[in-house]
Amino acid sequence: MANGRSLGRQFGRLWAAYAVSRFGTALAFNAFGLVAVLVLHAGPAQVSILTAAGLAVGALVAIPLGPWVEFRRKRPVLIATDLIRCTALLSIPIAFAFGALGFTQLLVVAIIAATADIGFTAASGAYLKSLVAPDDLLEANARFESTNWTAIVFGPPLGGAAVGLLGPMATLIADGLSYLASAAGLRAIGDREPRPAHPDAPRPGAQFEGWRYILGHPGLRPLLCNDALVGALIMATQPLMSVLMLGHLGFAPWEFGLAFALPCLGGLLGARLAPRLVDRYGPGRVLRMSGILRVCWPVALGAVTAGAGGLVLVLVVQTAVIVCMAVFNPVFATYRLEQLPADRATRALAAWSVSKKVTIAVVTALWGLLAVWLGIRLAITLAGALLLMTPLLLPRLDRAPDTLSPGRRAPHRDHTATCSQGSDTDPRVKAVKGGEIVGPVPRGGTPER
């Protein structure tokens, strides 16, 4: 696959809309926590509740969204979720300006944002299927992955500077306006999307159809477990690393930011390498090797020490993890999309996102308790040790008869990669926003971001 070739004007507009909203989200990194601490003077317990409840409750509320979105045009859903997030986020600085901001409003907005993220992720997957050809899925996913890591490199430092100069509301305003710009970009794509066929009678338990399909698929079932556990164990150590480095080891805030922002440049390298590696070695081998390599490094974070040596250790570990993740993510996303039939794609993506967000919320809360009981270093090391076991859940795609390589299609799997472009059964899917391959995840992801 040739990097840099055009995937069409419609994809370009979708990509631009994603880039704008992703940079806005990166600018507002940890904005809820900053507002809670700096404006509402919340304590650690309230900040933890804000993070965990926003993910968990938002995910549970979003469960019925999959079936609802499945049989509706996806572009209006994407625009609506962008506008909902814009309105919810801008309500915070408006309430602050009138002296009416409280912790309850902050919590409600976090839940609304998490719910809308899942709805956007589910709809955007099915929508992308109508914009790019099946052979271009990996290239499209790699471009989204590259954009995600670029936003992470530049967004948080610029957001931190904006908070220092203008206060914590500045980044929330920027994030809200970025969703408005994203909605405008999606509207500019044009309304050529066919209306999905609606079932005559909804099947009982339709909201769980996505889980039924994933859990019944020999490749997707272990991949969901792997993706959720890896994301949760990595995210669970992030607050512990901040306490360890900033509180116990005395690193300056700029050093901490550098340790986690600079390695994201490796994401650009990994995203660029992914299509080339797949062309040379095949998707199954690349997925498995990058899936193994991405979890080999975090166990070393428990040995971080004060001074330049500790900073270099974090930089090396984070760079290695991110390069491997940036190779893994687009290959993983492409395989997942190829396996999802058009009539279940949205529900399956929604179920995947819900599962991942709930797992991250539960494991993050659990690791906070473990850190109190075992100590921060041991809790971080334990998470790294458990990550070493997660490759056991990676499917052997190189042995699967229905695995598709770039530029090839399996003739017996008409429902995954043989529909004509723009048809209402076209199966090309990509989770564009939120946690997913923030992501990507993300995110908390992809991410989840």
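Scroll up to find the structure this text is about.
A brief report on the enclosed structure follows. Since the model is a prediction, treat every value here as computed from it, not as a measurement.

## Considering the packing of helix 5 (residues 74-97) against helix 6 (residues 103-128)
How two helices pack is summed up by the angle between their axes together with the distance between the axes. In contact at an axis separation of 9 Å, helix 5 and helix 6 are set at 160° when each is read in the N-to-C sense. Classified by the angle their axes make, helix 5 and helix 6 are roughly antiparallel. The element helix 5 and its partner helix 6 pack so that their crossing is left-handed.

## Points about the side chain of Ser21
Within the secondary structure, Ser21 sits in helix 1 (residues 9-27). Among the polar contacts listed, one links the side chain of Ser21 to the backbone oxygen of Tyr18, at a separation of 3.1 Å.

## A look at helix 14 (residues 308-339)
The terminal C-alpha atoms of helix 14 lie 46 Å apart, and with 32 residues this matches the ideal 46 Å at 1.5 Å per residue to within 8%. Among the 32 residues in helix 14, 25 count as buried, and that is most of the element.

## Describing the side chain of Thr81
Relative to the elements of secondary structure, Thr81 occurs in helix 5. In this structure Thr81 comes out as buried when scored by relative accessible area, which is 8%. When sequence neighbours within four positions are dropped, the list of residues in contact with Thr81 reads Ala116, Gly119 and Phe120.

## Notes on the environment of Leu27
Within the secondary structure, Leu27 sits in helix 1. Sequence separation of Leu27 and Ala174 is 147 residues, and the distance between their C-alpha atoms is 7.5 Å. Discounting residues that sit within four places of it in the chain, Leu27 has contacts with Gly155, Leu158, Gly159, Thr171 and Ala174.

## Observations concerning the nonpolar core
With 50 residues, the main nonpolar core has Leu186 and Leu223 as its most contacted residues. Ranked by residue count, the leading element in this core is helix 15 (residues 345-374), at seven residues. In this view, Leu223 contacts Leu287, Phe328, Phe332, Tyr335, Trp352, Leu393, Leu394 and Pro395; residues no more than four positions away in its chain are not counted. Counting 35 residues, the second-largest nonpolar core is a separate cluster that includes Phe251, Phe256, Met325 and Ala379.

## So, the pattern of salt bridges
By the definition in use, this model includes five salt bridges. Between Asp82 and Arg85 there is a salt bridge whose closest N-O contact spans 2.8 Å. With Asp82 and Arg85 both in helix 5 and three residues apart, this pair spans about one turn of that helix. Given the relative accessible area of 0%, Asp82 is considered buried. Taking the shortest distance from any N to any O, the salt bridge between Arg212 and Glu209 comes out at 3.1 Å. In this pair, Arg212 and Glu209 are both assigned in helix 9 (residues 209-215), three residues apart and thus about one turn of the helix distant. Among the ionic contacts, a cluster of salt bridges with common partners joins Asp82, Arg85 and Asp117.

## Structural notes on a nonpolar patch on the surface
A cluster of nonpolar side chains, contributed by Trp373, Leu374, Leu378, Leu382, Leu386, Leu388, Met389 and Leu392, occupies part of the molecular surface with about 830 Å² of accessible area. Mapped by element, the contributors of at least two residues to the nonpolar patch are helix 15 and helix 16 (376-387). The greatest single-element share of the nonpolar patch, amounting to three residues, is contributed by helix 16. Here Leu382 is to be found in helix 16. We classify Leu382 as partly exposed; its relative accessible area is 32%.

The rules behind the values
- Residues numbered from 1 in each chain as written.
- Predicted model: local features only at pLDDT ≥ 70, side-chain atom pairs only at ≥ 80, totals over all residues.
- Heavy atoms only, no water.
- Axes fitted to C-alpha atoms, helices over the stretch in contact; angles between N-to-C directions.
- Helix = DSSP H or I, 4+ residues; strand = E, 2+ residues; numbered from the N terminus.
- Parallel < 35°, antiparallel > 145°, perpendicular 65-115°, else oblique.
- Left-handed = near helix turned anticlockwise from the far one by under 90°.
- Polar contact = N/O pair within 3.5 Å; in protein donor to acceptor, adjacent residues only side chain to side chain.
- Expected span 1.5 Å × (residues − 1).
- Buried < 20%, exposed > 50% of the residue type's maximum accessible area, 1.4 Å probe, protein only.
- Contact = heavy atoms within 4.5 Å.
- Core = buried A, V, L, I, M, F, W, Y, C linked by side-chain atoms within 4.5 Å.
- Salt bridge = Lys/Arg side-chain N within 4 Å of Asp/Glu carboxyl O.
- Patch = residues over 30% accessible without salt bridge, like charges linked within 9 Å, V, L, I, M, F, W, Y side chains within 5 Å.
- Areas by Shrake-Rupley, 256 points an atom, 1.4 Å probe, with all protein chains shown as cover.

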